[in-house]
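Okay, here's what each chain looks like letter by letter:
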Amino acid sequence: MENTLVPKIHLSDWRGVLYVTGGGSPLLSDLLTVPGASSTVLDARVPYSESALEDATNQHLDQACSSAVARSLAMQAFVKANELEPGGKLFGLGVTASLATNRMKKGKLRAYIGIQTAFKTQVTELFFPIGTSRIEQERLLTDTALQKLASGLGIESSLAANDSDLEANATETLSMLLHEEPNYDGIPKSIFLPGSFNPLHSGHRRMKEMAEQTCGSKVQYELCVRNIDKPPLDFLEIERLRDQFSKDELVLTNVPKFKDKAILLAPSGNATFVVGVDTLLRVVNTSYYRDDEELESTIALFCSRNDRFLVFGRTIEDRSFATLDAVEIPEKLRHICVGFTEQQFRMDISSTDIRLRTSES
């Protein structure tokens, strides 16, 4: 039986990309077998295997069926939609599910439905009634996904949210951070401590405090929502991370490279970046540049703008603690760096370790 929402979706101005795991594949059938599908569906993908799912989300996954994976699929689908048809009313839909099968499964049978637009992130958790068949579960998942899509896009406003929905809406300024055009959200100062802050910890706070004492001015945290080797942050994740900071303590950007951060946040020059030595090594990592000439021109730009780096020691890849004096970097870059000794600062703490301990507890 044709779902009555499908024609309404096809008649709307919305177009999008759908990334759904195997359990959500009937959703594609419902959309594609109704006339007008080409007006809605720009692309669709069914990443079935673990490796295909990791490729679709552009990250290593500890668990395939989760809210985070559905949101990541939705974001990557939204990014793809913008590549295929820049502008317009675009959405990304991500579905991941653990349904009844011919083997025992850990945990409850469930699904997650993620929706991403330029102004909204939404995810729904769905648990399947005990004793339902695979076919019944797929039907319930498909109907729920269509309802959530129609509701999330404002096509069927009578569908109310429920307790299983999480949603975050973006302002115009915040929405612009999902675009490639350089943008920021906040009121930039001139001294920045960049990071992922997932979570913010005492090491970050101590670096900020020492940098403020050195510079005699306030330091602002900088969080980039678009990274080189990670999926963009969605609005729910931005909201969660931003809640760790006080007002005006954080500026958001969409530029992962330090050259672009400097130009965007301090167009007149004199930007100061507070970094760990591991981050400084990434600044000169040749894999992030087309060639040596681009790296040299980037360092020359920092020098000409009178930018500088305050560099704190960190534990690096070989698990040894290193300060600025212990690492090899171009001399021109070293001239605009100020380092702190191990006696001045050593805090063996990282956001990654905190997340690992939290997941194990």
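Residues numbered from 1 in each chain as written. Predicted model: local features only at pLDDT ≥ 70, side-chain atom pairs only at ≥ 80, totals over all residues. Heavy atoms only, no water.

Q: Any chance you could explain the pairing of strand 12 (residues 308-312) here in plain terms?
A: Counting buried positions over the 5 residues of strand 12 gives 4, a clear majority of the element. Pairing analysis gives 5 bridges linking strand 11 (residues 272-276) to strand 12, with the strands arranged parallel. Residue pairing for strand 12: Val 275 is matched across the bridge by Val 311. Sheet topology note: the strand 12/strand 15 (residues 337-339) ladder contains 3 bridges and is parallel. Bridging across to strand 15, Leu 310 finds its partner in Val 338. (Buried < 20%, exposed > 50% of the residue type's maximum accessible area, 1.4 Å probe, protein only. Helix = DSSP H or I, 4+ residues; strand = E, 2+ residues; numbered from the N terminus. Pairing = 2+ DSSP bridges.)

Q: What am I meant to see in unusual backbone geometry here?
A: Note: most peptide bonds trans; most residues except glycine with negative phi. Cis peptide bonds are those with omega within 30 degrees of zero, and the linkage from Asn 198 to Pro 199 qualifies with 5°. Considering the arrangement of structural elements, one finds Pro 199 in the loop between strand 8 (191-194) and helix 7 (202-215). Phi is positive for Asn 58, close to 60°, though the residue is something other than glycine. Here Asn 58 is to be found in the loop between helix 3 (50-57) and helix 4 (67-84). Classification of Asn 58 by relative accessible area gives partly exposed; the value is 40%. The backbone phi angle of Asn 270 is positive, close to 65°, even though this residue is not glycine. Residue class for Asn 270 comes out partly exposed when judged on its relative accessible area of 42%.

Q: I keep staring at the sheet that holds strand 7 (residues 184-185) and nothing clicks. Help me out?
A: Picture the strands of a sheet paired through backbone hydrogen bonds; they go either parallel or antiparallel. Strand order in the open sheet made by the 7 strands is 7-10-9-8-11-12-15, with mixed pairing throughout. Edge positions in the open sheet fall to strand 7 and strand 15, since each of these has one partner strand only. Summarising the sheet, strand 8 and strand 11 pair through 2 bridges and their orientation is parallel. What sits directly across from Ile 191, in strand 11, is Thr 272.

Q: Sorry, what's going on with the packing of aromatic side chains here?
A: Aromatic ring pairs are described here by two measures, namely the spacing of the ring centres and the angle between the planes. Enumeration over the complete set of coordinates arrives at 10 aromatic pairs. When the ring of Tyr 221 is compared with that of Phe 245, the centres are 5.1 Å apart and the planes differ by 50°; the resulting orientation is tilted. Of this pair, Tyr 221 sits in strand 9 (residues 220-224) while Phe 245 sits in the loop between helix 8 (235-242) and strand 10 (250-253), and the two are 24 residues apart along the sequence. Phe 245 carries the same exposure label as Tyr 221, and that label is buried. Ring plane angle 85° and centroid distance 5.1 Å describe the contact between Phe 258 and Phe 273, whose orientation is recorded as edge-to-face. In this pair, Phe 258 is assigned in helix 9 (residues 258-265) and Phe 273 in strand 11, connecting sequence segments 15 residues apart. Its relative accessible area of 11% is what places Phe 258 among the buried residues. Grouping aromatic residues by their ring pairs yields a cluster made of Phe 192, Phe 258, Phe 273, Phe 302 and Phe 309. In this structure, Lys 108 is placed above the aromatic ring of Phe 127, and the distance from its NZ or CZ to the ring centre is 5.5 Å. Above the face of the Phe 258 ring, Lys 261 is positioned so that its terminal group lies 5.7 Å from the ring centre. (Phe/Tyr/Trp six-rings, centres within 6.5 Å; stacked < 30°, edge-to-face > 60°. Lys NZ or Arg CZ within 6 Å of the ring centre and 35° of its normal.)

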